[in-house]
Amino acid sequence: MKVTGKLTKTEWLILALTAVFLAVLALLYLDASRTAEGTDYTISTQRRTQEPVTPAPPPPKEPVDVNTADAEELQTLAGIGPALAQRIIDYREANGPFRSVEDLLEVKGIGEATLEKFREDVTLGGAADREEDATGEEEAAA
């Protein structure tokens, strides 16, 4: 390859195309910078909170009487689904009214942890008290 001081036609063409490319690039840059002058951009992001997969049931508005409640009412208690509600009803029908909240531990499927979830949301109504009064009256009559 011989090095001379003169450029060939192909070299001149490449040089001219490069100059045109650089000139167009400079014009585009100037146009973009003029368009952006005085324009402020604000980009903000907000992280979405992840919703729970299974929302907790809302607490009952008033205590649920486990001695008279139907299955639907029992299901408003935390941790009580349809099957467990039916077991509470079946136990109540077979053994009479619950005398204390701890008696619910006798129902299959209710343990200490489940009972603690709804302990404050249940009442025994008057059924247990009426039964105790009847027992007391019988003893007094004897």
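Residues numbered from 1 in each chain as written. Predicted model: local features only at pLDDT ≥ 70, side-chain atom pairs only at ≥ 80, totals over all residues. Heavy atoms only, no water.

**As for the side chain of Thr-114**
(1) Moving on: Note on placement: Thr-114 falls in helix H4 (residues 112-118).
(2) Moving on: Once residues within four sequence positions are removed from consideration, Thr-114 is found in contact with Ala-78, Gly-79, Ile-80, Leu-84 and Gly-109. (Helix = DSSP H or I, 4+ residues; strand = E, 2+ residues; numbered from the N terminus. Contact = heavy atoms within 4.5 Å.)

**Section: the packing of aromatic side chains**
(1) Moving on: Using the criterion set out here, one finds 1 aromatic pair in the structure.
(2) Moving on: Centre to centre, the rings of Tyr-91 and Phe-98 are 5.6 Å apart; their planes meet at 15°, and the pair counts as stacked.
(3) Moving on: Under the relative-accessibility criterion, Tyr-91 is labelled partly exposed at 24%. (Phe/Tyr/Trp six-rings, centres within 6.5 Å; stacked < 30°, edge-to-face > 60°. Buried < 20%, exposed > 50% of the residue type's maximum accessible area, 1.4 Å probe, protein only.)

**A closer look at the environment of Ala-78**
(1) Moving on: One can find Ala-78 in the loop between helix H2 (71-74) and helix H3 (82-95).
(2) Moving on: Accessibility expressed as a relative area gives 25% for Ala-78, which makes it partly exposed.
(3) Moving on: The spacing of Ala-78 and Glu-116 is 38 residues in sequence and 9.3 Å in space, taken between C-alpha atoms.

None of the figures reported here should be taken as evidence of function without further support.
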